[in-house]
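# Descriptive structure summary
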Amino acid sequence: MHTMVESRMADLGGLRMHYLIEGDGPLLVLLHGWPQTGHCWRPIMPSLAEHFTVVAPDLRGYGRTDKPATGYDKRTMAADIHALARSLGHSTIMLAGHDRGARVAHRYALDHPGEVERLVVMDIIPTREMWRRFDMKTGVAASTWHWTFHLQPDLPELLAGQNVRAYLNYFFEKWTVQRSRLEVEEYMRAFEQPGALRAGFDDYRASFPHDAEHDDADWDAGRRLELPVLALWGAAGLASRVPVLDVWRDYALDVRGAEISDCGHFLAEEQPDAVLAHLHDFLLPRD
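For clarity, every value in this text was computed on a predicted model and none was experimentally measured. All residue numbers refer to positions counted from 1 along the written sequence of the respective chain. At least 70 in pLDDT is required for a residue's local features to be given in this predicted model, at least 80 for side-chain atom pairs to be given and counted, and no such filter applies to totals for whole chains, interfaces and linings, which use all residues. Only hydrogens and water are set aside; all other atoms, that is, all heavy atoms of the structure, feed into the side-chain values.

## A few points about the overall build of the chain
What counts as a helix is a DSSP run of H or I of at least four residues, what counts as a strand is a run of E of at least two, and both are numbered from the N terminus. Each helix and strand counted, the chain has 14 helices and eight strands in total. The quantity called the radius of gyration is restricted to C-alpha atoms. Its globule counterpart is 2.2 Å times the number of residues to the power 0.38. On C-alpha atoms alone, the chain measures out to a radius of gyration of 17 Å, which is about the 19 Å that the 2.2 N^0.38 rule sets for 287 residues. If one aligns the C-alpha atoms of the chain with their principal axes, the spans along those axes are about 50 × 40 × 40 Å. Within the chain, the proportion of its 287 residues that are buried is 57%. Of the contacts formed within the chain by residues at least 6 apart in sequence, a portion of 73% connects residues at least 24 apart. The protein chains shown are the only cover counted for residues, whose accessible areas, like all others here, come from Shrake-Rupley with a 1.4 Å probe. As presented, the chain carries roughly 12,000 Å² of accessible surface, and 50% of it is formed by carbon and sulfur atoms. Only protein chains enter the accessibility calculation, which uses a 1.4 Å probe; a residue whose area is less than 20% of its type maximum is buried, one above 50% is exposed, and one in between is partly exposed. In what follows, residue pairs with any heavy atoms lying within 4.5 Å of each other are defined as contacts.

## Things to note about unusual backbone geometry
Across residues other than glycine, the phi torsion is negative in most instances, and most of the peptide bonds are trans. The omega torsion of the bond from Trp34 to Pro35 falls at 0 degrees, within 30 degrees of zero and hence cis. Within the fold, Pro35 resides in the loop between β3 (27-31) and α1 (45-48). For the peptide bond that leads from Phe208 to Pro209, omega is 10 degrees, which places it in the cis range. Even without being glycine, Asp99 reaches a positive phi, approximately 55 degrees.

## A short note on the pairing of strand β1 (residues 6-11)
The side chains of a regular strand alternate between the sheet's two faces. Pairing of β1 with strand β2 (residues 16-23) involves six bridges; the strand directions are antiparallel. Counted as the bridge partner of Asp11 is Arg16 from β2. Two strands pair if DSSP finds at least two bridges between them. Here β1 folds back onto β2 in antiparallel fashion, the turn holding four residues, of which Gly13 has a positive phi close to 65 degrees.

## Overview of the nonpolar core
Buried Ala, Val, Leu, Ile, Met, Phe, Trp, Tyr and Cys residues that are joined via side-chain atoms within 4.5 Å together make up what is termed a nonpolar core. Counting residues in hydrophobic clusters, the biggest one holds 96 residues, and the most contacted among them are Leu30, Trp34, Trp41, Leu95, Leu119, Val120 and Leu279. Ranked by residue count, the leading element in this core is strand β7 (residues 225-234), at seven residues. Look past the residues within four positions of Leu95 in its chain and what remains in contact with it is Leu28, Val29, Leu31, Ala105, Tyr108, Val116, Arg118, Leu119 and Val120.

## Remarks on helix α8 (residues 164-174)
When we look at burial in α8, the residues that qualify are Val164, Tyr167, Leu168, Phe171 and Phe172. For α8, the arc enclosing every buried residue in end-on projection is 135 degrees, short of the 170-degree limit, so these residues lie on one face. Where the residues of α8 are buried, they touch α6 (146-151), α7 (155-160), α9 (184-191) and α10 (196-205). By arc we mean the arc of the directions from the helix axis to the C-beta atoms, nothing more.

## Focus: the sheet that holds strand β5 (residues 93-98)
Here eight strands make up an open sheet; going across it, the order is β1-β2-β4-β3-β5-β6-β7-β8 and the pairing mixed. Two strands bound the open sheet, and with one partner strand each, they are β1 and β8 (252-260). For this sheet, the mean angle separating the axes of adjacent strands, direction not counted, is 25 degrees. Packed onto the sheet, helix α2 (residues 74-87) meets β1, β2, β3, β4 (53-57) and β5 and runs at close to 50 degrees relative to β2. Running over the sheet, helix α14 (residues 272-283) touches β3, β5, β6 (116-122), β7 and β8 and is turned about 160 degrees from β6. An axis is simply a line fitted to the C-alpha atoms; with a helix, the fit covers only the stretch in contact. Between two such axes, the angle follows the N-to-C directions and lies from 0 to 180 degrees.

## As for the state of the cysteines
To count as a disulfide, a pair of cysteine sulfur atoms needs to be within 2.5 Å. Counted under the stated rule, the structure contains zero disulfides. Cys40 carries a free sulfur, and the closest cysteine sulfur to it, the one in Cys263, is 12 Å from it.

## Some thoughts on the pattern of salt bridges
By salt bridge we mean one thing: a side-chain nitrogen of Lys or Arg within 4 Å of a carboxyl oxygen of Asp or Glu. Applying the stated criterion to the full structure yields 24 salt bridges. Here Arg256 makes a salt bridge to Asp254, at a shortest N to O gap of 3.0 Å. Its relative accessible area of 31% is what places Arg256 among the partly exposed residues. Within the structure, one salt-bridge network assembled from shared partners comprises Arg75, Arg107, Asp111, Asp215, Asp218 and Arg223.

Following this line, the structure appears as structure tokens:
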């Protein structure tokens with residue numbers, strides 16, 4: 001049965017969240033990263049919608065979702081998605097996240113054990129590992145220098161706000177192999193909206209100390225993901241310089257994964273067919 005993607009708004013008790021929805025069946029939620037919106041999943045939604053109710057929200061602060069002054073720690077952002085899933089009538093879900101969205105998805109799976117059946121994380125290692133491995137080399141690398149810049153209060157908005165397009169374009173150029181496949185204009189428009197730059201930087205600002213404290217507490221308590229985890233990364237992606245599967249196996253008991261060739265950071269747009277092949281294999285039950 002072919003369905004068309006719909007654009008909807010949900011009122012989640014004070015946060016109005018925009019999301020795309022397509023298909024019918026078990027709930028599969030796709031979470032985007034920075035500097036993007038839920039639109040980044042459009043290339044793979046129709047195929048997945050043949051088997052799932054596919055939902056691609058704009059995270060708190062992004063796209064057409066509200067941009068409040070607080071709540072950018074991953075625990076709160078995961079609670080937003082949990083509320084969205086419940087509003088759609090689902091208590092268990094499958095989750096796939098890219099970049100910042102994968103950090104929200106990781107936190108969701110930790111905070112709601114038993115409610116996530118399968119988890120996909122794209123082109124990241126856990127936030128705790130990012131901070132553990134941060135050194136001089138990481139601090140100047142094209143893939144990671146922005147973490148500490150985006151953490152600073154007010155300054156990123158001041159400097160990037162002078163020319164939003166040039167700033168974002170730097171990342172779309174540096175982080176891609178198949179840049180022509182990205183709908184960059186869609187993201188430029190989104191981040192030119194009032195509050196959008198600030199909210200995106202607040203997502204990073206929450207990484208330290210708030211997210212770090214939550215992550216360390218889980219680690220110290222011995223909490224590890226027990227559900228099946230699929231890690232995907234681009235051969236020229238941001239995670240390609242580290243042993244992705246080895247790292248994730250310290251945080252989850254059942255990890256598999258693959259490198260996507262001829263691909264940078266933005267997997268779903270740069271190599272949608274390859275990503276779909278892995279997602280179908282991982283998410284769909286074998287006959």
